[in-house]
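# Structural description and commentary
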Amino acid sequence: MVNFTHVSEFVLLGFQGGPGMQAMLFLIFLILYGIAVVGNLGMIVIIWADAHLHTPMYAFLQSLSLLDICYSSTIAPRALVNSMQEDHTVSFGGCAAQFFFLSLFGTTEAFLLAAMAYDRFIAICNPLLYSVSMSHRICVLLISGSYLWGVVNAIAQTTMTFRLPFCGSNEINDFFCDVPPLLSLSCSDTFINQLVLLGLCGSIIVSTFLIVLVSYIYILSTILRIPTTQGRQKAFSTCISHLTGVCLFFGTVFFMYAQPSAIIFMEQSKIVSVVLSLFFNSLSDT
């Protein structure tokens, strides 16, 4: 496809409102971003410093914490700056870079959560085979594979989206560069792009969610067969942090991409989306 792009920069409209509203949003986002970074960085340091935590389960948690920091840092700094200044422009390359890394970290996180569900499934349903089925090598392969799929999806989405011709308005009605607002700015037919991107992203979300769902069906059935209350509580406690991350991740994805436009006003939707994104990353490893 020949690139007929005539737009050299985009304008992130972000949030509307007076100085008071902008200052309040800035404070809220700054607090949530700080909690996300400090909390996840603390998790990484604690796991790294304690040799007893050098196990597959904590290796996954450490990787998830790193992803959360990266994802938050891709969104929050730009949103914070834009809430305190009038110039909301972002270069074409800068927008593409943000788009790429959001796709990379978001996709990787979906696959990593699925890998963590498999880890909990093996640990609870087949504990005698855990050391074999979840060896250090397999753990590294699962984490590396999650990043690989993230890179593949990010390259596919970024290439298809930013090779479109943008020759009209350059105003993105959002606080970051995302697929729906970018496609709406293209002056060409985006049906094929929407079809391919929907199929690719849909298959990723559905497949990873099904892995999590099936794993936890087996996990819950196994836990319910444990004869003692203490044993059931101990088994379930190892899944709490992962379940929290799963619920927040897929809940955020659903709110941001699957809600009908009539459910919530656009400005409220943008504010809630960024809060959910930062809130998810601040709590997913607690």
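Residues numbered from 1 in each chain as written. Predicted model: local features only at pLDDT ≥ 70, side-chain atom pairs only at ≥ 80, totals over all residues. Heavy atoms only, no water.

## Quick look at the packing of aromatic side chains
Spelled out, the test is: Aromatic rings from Phe, Tyr and Trp, with only the six-membered ring used for Trp, were paired whenever their centres fell within 6.5 Å, and each pair was classed as stacked if the ring planes differed by under 30 degrees, edge-to-face if by over 60, and tilted otherwise.
Tallied over the full model, the rule gives 14 aromatic pairs. Taking the centre distance of 5.3 Å and the plane angle of 85 degrees together, the rings of Phe-100 and Phe-101 count as edge-to-face. Through a chain of ring-to-ring contacts, the aromatic side chains of Phe-10, Phe-92, Phe-99, Phe-162 and Phe-166 assemble into a single cluster.

## What to know about the packing of helix 5 (residues 136–162) against helix 7 (residues 191–224)
Using the following cut-off: Axis angles are defined between N-to-C directions and span 0 to 180 degrees, where every axis is a line fitted to C-alpha atoms and, for a helix, only to the segment in contact. Helix and strand assignments come from DSSP, with helices taken as H or I runs of at least 4 residues and strands as E runs of at least 2, each series counted from the N terminus. Each angle is binned into one of four classes, with values under 35 degrees roughly parallel, values over 145 roughly antiparallel, values of 65 to 115 roughly perpendicular, and all other values oblique. For any helix crossing, the convention is left-handed if the near helix is rotated counterclockwise from the far helix by under a right angle, and right-handed if that rotation is clockwise. Working rule for contacts: check all heavy atoms of both residues, and any pair within 4.5 Å makes them a contact. Charged residues are taken to be Asp, Glu, Lys and Arg, nonpolar residues to be Ala, Val, Leu, Ile, Met, Phe, Trp, Tyr, Cys and Pro, and polar residues to be all remaining types, Gly included.
At a closest axis distance of 10 Å, the pairing of helix 5 and helix 7 adopts a crossing angle of 165 degrees. Put simply, helix 5 runs roughly antiparallel to helix 7. Between helix 5 and helix 7 lies a crossing whose hand is left-handed. Residues Asn-153, Ala-156, Gln-157, Met-160 and Thr-161 of helix 5 lie in contact with helix 7, whose contacting residues are Ile-192, Asn-193, Val-196, Leu-197, Leu-200, Cys-201 and Ile-204. Class assignment of the residues belonging to the contact of helix 5 with helix 7 gives a composition of eight nonpolar, four polar and no charged.

## Examining the environment of Gln-22
To keep things clear, this is the line we draw: Type-normalised accessible area, obtained with a 1.4 Å probe on protein chains alone, sets the label of each residue: buried when under 20%, exposed when over 50%, and partly exposed for intermediate values.
Along the chain, the position of Gln-22 falls in helix 1 (residues 19–49). For Gln-22, a relative accessible area of 11% corresponds to the buried category. Through-space distance from the C-alpha of Gln-22 to that of Asn-82 is 9.2 Å; in sequence the pair is 60 residues apart.

## Comments concerning empty space enclosed by the protein
Rules: As defined here, a cavity is a set of points on a 1 Å grid over the protein atoms alone where a 1.4 Å probe fits but cannot get out. A pocket is an open set with protein on both sides within 12 Å along at least five of seven lines, and residues line them when an atom is within 4 Å of a point. Grid points are joined across faces, edges and corners, and a volume is the space filled by probe spheres set on the points.
According to the stated counting rule, one finds two cavities of 30 Å³ or more in the structure shown. Of the voids in this model, the largest cavity is the one considered here, and its volume is about 60 Å³. Lining the largest cavity, in full, are Met-57, Phe-60, Leu-61, Met-116, Asp-119, Arg-120, Thr-238, Ser-241 and His-242. Going through the elements one at a time, helix 2 (56–82), helix 3 (92–125) and helix 9 (240–257) are the ones with two or more residues in the lining of the largest cavity. Residue composition of the lining of the largest cavity, by class: four nonpolar, three polar and two charged. Its volume calculated, the second largest cavity comes out at about 40 Å³. As for the second largest cavity, its lining consists of Leu-13, Gly-14, Phe-15, Gln-22, Ala-79, Asn-82, Ser-83, His-88 and Phe-175. Among the residues forming the lining of the second largest cavity, the class breakdown is four nonpolar, five polar and no charged.

## Some thoughts on the nonpolar core
Applied cut-off: Side-chain atoms within 4.5 Å are what join buried Ala, Val, Leu, Ile, Met, Phe, Trp, Tyr and Cys residues into a set we call a nonpolar core.
Grouped together as the largest cluster of nonpolar side chains are 45 residues, with contacts concentrated most on Phe-60, Leu-112, Leu-113, Met-116, Tyr-216 and Ile-219. Mapped by element, the contributors of at least two residues to this core are helix 1, helix 2, helix 3, helix 5, helix 7 and helix 9. For this core, the element with the highest residue contribution is helix 3, accounting for 13 residues. In contact with Leu-112, other than residues within four places in its own chain, are Phe-60, Ser-63, Leu-64, Leu-67, Ile-143 and Ser-146. By size, the runner-up hydrophobic cluster in this structure holds 18 residues, among which are Val-7, Phe-10, Leu-12 and Leu-185.

## Section: the side chain of Thr-190
Relative to the helices and strands, Thr-190 resides in the loop between helix 6 (179–185) and helix 7. Taking relative accessible area as the criterion, Thr-190 reaches 8% and is therefore assigned buried. If we ignore the near neighbours within four places in the chain, the residues touching Thr-190 are Leu-164 and Leu-183.

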